[in-house]
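What follows is each chain in one-letter form.
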Amino acid sequence: MIRSILDNDMYKLTMQMAVLELFPEAQAEYRFINRGDQRFNSRFKEELEYIVREEIPKLRLLDEERHWLGKNCPFFKHTYLDHLQNYRFNPDEVEISLTDDNNLDILIRGPWHSTILWEIVLMATVSELYFETIENNWADEYLSKTDLLDKYGDMIKEVSDKLDNAGCVLSEFGTRRRRSFELHEKVVETLSRATSFAGTSNVYLAMKYGPRAIGTIGHEWIMGNSALVGLRNANKFAFENWVKVYDGRLGIALADTYGCDAFFNNFDGRLARLYDGIRHDSGDPYTFIDKTIQHYKALGIDPSQKMAVFSNSLEAEDAIRIQEYCKDKIKCSFGIGTSLTNNSDFFRENPPLNIVIKLHKINGIPVVKLSDSQEKVTGDRDAVRVANYIFGTKGLDEE
């Protein structure tokens, strides 16, 4: 199910290098969260454990993959590529169990620089294995796998044509909840022919089909910095530390870890000039656009020269509407994930899993994500209460 050590999202590799450079001793704990109603069974658990213990640890960076990274990703240092070539997934870092109501429980613990690569690999495996062993009738109406892939490719082409016609810039972000590797590959193969396509977060498919591999910072970088440096100004610490490692490259800042207001309070003139733009991943996109433009103008920066990247559960129609709102105000692009690699309209009877794996602790200290959407809040309950109080979101005793 995982075809290469590069069958992962680029931002996991970029964050791994940053963790190795700045926080090599940090210990991490991640937890799996199932936000949906789907449940699992003992056969699923056994097969997942086999994949984690016997198959994923065999993955390694091949010479031709290292050569491609060195040529196409100049921000990676040779010392990091040496590390990645020697890296192996450690199955002892992963604990898998079923709860009494057959929900899946996954705990990942170990050095941050090692455990950081498990998230996307495990989520993609959980999703594909679920649709192979539990809800496995979703392809029955098609004559063959080729027939299914062709029809899915036609649907993706319709989406890309809409975005092309609207002038939207699209990136594919669908590794983590893909229905199968084959469908994901078909998506990237189809999109690679579209003028709107900027690239894919999946490094392996970028290497295979030629688009740019896209990825910078995830929430966990900011969450980890909150525990290792400080919570109140975690955004500032995280983005300053990113500059120490990448010296102005990979300059898209993520805005919503503790809510946009907390982000803008820390995103001062220096950072706003250093970073090429800001990514929106929760809350109302139009409010975000207005706040972003207002913030840049208050700092004396022309917002039309900056980029807003949108990645919050987008459909093509959402992107087109946002593109129109941004017109002549700020540049924009769109990261679309699950609706490309596991489209709920195409598979109406078997919707995708709504799953995440989130950083839970660093060096035993609970970390949280507050988000701009209540349903995306994650973390220990008491830690969330404290963070809400510190950022002025809620009173200490408010639920």
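Keep in mind that this is a model prediction, so the values were computed, not measured.

Calculation criteria
- Each chain has its residues counted from 1, running along the sequence as written.
- Where totals are concerned, whole chains, interfaces and linings use all residues; where local detail is concerned, this predicted model gives features only for residues with pLDDT of at least 70, and gives and counts side-chain atom pairs only at 80 or more.
- The basis for the side-chain values is all heavy atoms of the structure; hydrogens and waters are excluded.
- DSSP-based pairing: two strands are paired if at least 2 bridges between them are found.
- By definition, any uninterrupted DSSP run of H or I lasting at least four residues is a helix, any uninterrupted run of E lasting at least two residues is a strand, and each is numbered from the N terminus.
- Contacts are assigned to residue pairs that have any heavy atoms within 4.5 Å of one another.
- Angular values range over 0 to 180 degrees, each being the angle between N-to-C directions of two axes fitted as lines to C-alpha atoms, with helices fitted over their stretch in contact.
- UniProt positions are given in the numbering used here, feature names are shortened, and annotations may be inferred rather than shown by experiment.
- For salt bridges, the criterion is a side-chain nitrogen of Lys or Arg within 4 Å of an Asp or Glu carboxyl oxygen.
- Throughout this description, buried means an accessible area under 20% of the type-specific maximum (1.4 Å probe, protein chains only), exposed means over 50%, and partly exposed covers the range between.
- In this charge count, Lys and Arg are treated as positive and Asp and Glu as negative; neither His nor the chain ends contribute.
- Whenever a nitrogen or oxygen atom comes within 3.5 Å of another N or O atom, the pair is scored as a polar contact, on the condition that within protein one atom can donate a hydrogen and the other can accept it, and that pairs from neighbouring residues in sequence are kept only if both atoms are in side chains.
- All domain edges in this entry derive from an automatic or database-based domain assignment.
- In this description, buried area is defined as the sum, over both parts, of the accessible area (probe of 1.4 Å) that is lost when the two are combined.

Q: Any chance you could break down the sheet that holds strand β6 (residues 212-213) for me, citing the residues and the numbers?
A: Pairing is parallel in the open sheet, where seven strands are placed in the order β6-β5-β4-β10-β9-β8-β7. The two strands at the open ends of the sheet, each matched to only one other strand, are β6 and β7 (252-254). Alignment of strand β5 (residues 197-200) against β6, held across two bridges, turns out to be parallel. Residue pairing in the sheet places Thr200 in a bridge with Ala213 of β6. Its contacts with the sheet place helix α15 (residues 316-326) against β9 (307-310) and β10 (331-336), and it is angled at close to 165 degrees to β10.

Q: How would you sum up the UniProt feature "domain: Nicotinate/nicotinamide phosphoribosyltransferase" (unreviewed entry) in the chain? Please name residues and give values.
A: In this numbering, the UniProt entry assigns the feature "domain: Nicotinate/nicotinamide phosphoribosyltransferase" (unreviewed entry) to residues 170-388. Regarding residues 170-388, the helix share stands at 42% and the strand share at 16%, and the terminal C-alpha atoms are separated by 34 Å.

Q: Tell me what's going on with the pattern of salt bridges, and back it up with residues and numbers.
A: Evaluation of the coordinates by the stated rule reveals 28 salt bridges. In this structure, Lys162 and Glu317 form a salt bridge, with 2.8 Å as the shortest nitrogen-oxygen distance. Of this pair, Lys162 sits in helix α7 (residues 145-166) while Glu317 sits in helix α15, and the two are 155 residues apart along the sequence. A relative accessible area of 41% places Lys162 in the partly exposed class. For Glu317, a relative accessible area of 35% corresponds to the partly exposed category. A salt bridge links Lys376 to Asp281; the nearest nitrogen and oxygen atoms lie 3.8 Å apart. Here Lys376, found in the loop between β12 (365-366) and α17 (381-390), pairs with Asp281, found in the loop between β8 (277-280) and α14 (285-298); they are 95 residues apart in sequence, far enough to count as distant. Look at Asp281 and you get buried, because its relative accessible area is 9%.

Q: Can you tell me about the UniProt feature "domain: Nicotinate phosphoribosyltransferase N-terminal" (unreviewed entry) in the chain, naming the residues and giving the values?
A: The positions that UniProt labels "domain: Nicotinate phosphoribosyltransferase N-terminal" (unreviewed entry) are, in the present scheme, residues 6-127. Summarising residues 6-127: 49% helix, 17% strand, and an end-to-end C-alpha distance of 18 Å.

Q: I'd like a description of the side chain of Lys306, backed by residues and values.
A: Here Lys306 lies in the loop between α14 and β9. For the buried Lys306, no salt bridge exists, and the shortest N-O distance to an oppositely charged side chain is 5.5 Å, to Asp276. Here the side chain of Lys306 touches Arg273 through a polar contact of 3.3 Å, landing on its backbone oxygen.

Q: Give me the lowdown on the domain arrangement of the chain, citing residues and values where you can.
A: Segmentation of the chain into domains returns domain 1 (10-139 + 354-391) and domain 2 (145-341). Computed from C-alpha coordinates alone, the two centres of domain 1 and domain 2 are separated by 20 Å. Contacts between the two partners involve 50 residues from domain 1, matched on the other side by 50 residues from domain 2. Taken together, both faces of the contact between domain 1 and domain 2 bury some 4,400 Å²; the carbon and sulfur share is 66%. In this assembly, domain 1 and domain 2 are joined by three salt bridges.

Q: An account of the environment of Glu21 is requested, with residue identities and associated values reported.
A: By the secondary structure assignment, Glu21 is in helix α1 (residues 10-22). What makes Glu21 partly exposed here is its relative accessible area of 37%. In this structure, the C-alpha to C-alpha distance between Glu21 and Glu93, residues 72 residues apart in sequence, is 21 Å. At 2.8 Å, the side chain of Glu21 forms a polar contact with the side chain of Lys77.

Q: Can you lay out the sheet that holds strand β1 (residues 27-34) for me, pointing to particular residues and giving the numbers?
A: Strand order in the open sheet formed by five strands is β2-β3-β1-β11-β12, with antiparallel pairing between adjacent strands. The sheet is open, and its two borders are formed by β2 (94-98) and β12, each paired with just one other strand. Both β2 and strand β3 (residues 104-111) contribute to a ladder of five bridges, which runs antiparallel. Opposite Val94, over in β3, you have Ile108 as the bridge partner. Packing against the sheet, helix α6 (residues 118-133) makes contact with β1, β2, β3 and β11 (355-362), and its axis sits at approximately 150 degrees to β11.

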